[in-house]
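What the coordinates show
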Amino acid sequence: MVPALVDGDLILWEAAAIMLYLTDKQTNELLPQGAARYDVFRWMFWAGEHFWQPAPIYFEERLIAKLMGKPADEARIAEADRLIKRFAPYGFDARLEQIRGRIAFDTALVQVTELTV
């Protein structure tokens, strides 16, 4: 499945394009103006280029393996950790701390439910 958005004659696909479109439709803190806007783009592109590699490993080993009744492959998790450390720019943790208080999540949208297979 590919995320898609239809707004009149506009049809967008790809999550990042949809997020930019939605945040651009109104002035808000999620997509600021000026230099801060490019900071948002930098982190979006970082995630698209670098986090895509370790993310599925964490998902498969921490969730799917558990659902399948198998132990997590700690070597794969260590590889994912190595990739994060390799690609995480200096100050990554500090940046997360800066924005943590400004991020609000709707728990109904981010709730992870444990499934039984």
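Residues numbered from 1 in each chain as written. Predicted model: local features only at pLDDT ≥ 70, side-chain atom pairs only at ≥ 80, totals over all residues. Heavy atoms only, no water.

With that settled, consider the overall build of the protein chain. Per the secondary structure count, the protein chain includes six helices and two strands. Beginning at the N terminus, the succession of helices and strands in the protein chain can be written as β-β-α-α-α-α-α-α. Scored against the burial criterion, the 117 residues of the protein chain give a buried share of 18%. For the protein chain, restricting intrachain contacts to residue pairs at least 6 apart in sequence, the fraction spanning at least 24 positions comes to 32%. Split by element, the accessible area of the protein chain, about 9500 Å² in all, is 61% carbon and sulfur. (Helix = DSSP H or I, 4+ residues; strand = E, 2+ residues; numbered from the N terminus. Buried < 20%, exposed > 50% of the residue type's maximum accessible area, 1.4 Å probe, protein only. Contact = heavy atoms within 4.5 Å. Areas by Shrake-Rupley, 256 points an atom, 1.4 Å probe, with all protein chains shown as cover.)

Tracing the backbone shows Arg37 in helix 2 (residues 35–51). Not counting residues up to four positions away in its chain, the partners in contact with Arg37 are Asp24, Leu31 and Pro32.

Here we come to the pattern of salt bridges. Side chains carrying opposite charge are able to pair once their charged atoms draw close together. The tally for this structure, following the rule as stated, stands at seven salt bridges. The partner of Arg42 in a salt bridge is Asp39, with the nearest N and O atoms 2.2 Å apart. Remark: Asp39 and Arg42 occur in helix 2; sequence separation between them is three residues, near one turn of the helix. Overall, Asp39 belongs to the buried group, its relative accessible area being 18%. (Salt bridge = Lys/Arg side-chain N within 4 Å of Asp/Glu carboxyl O.)

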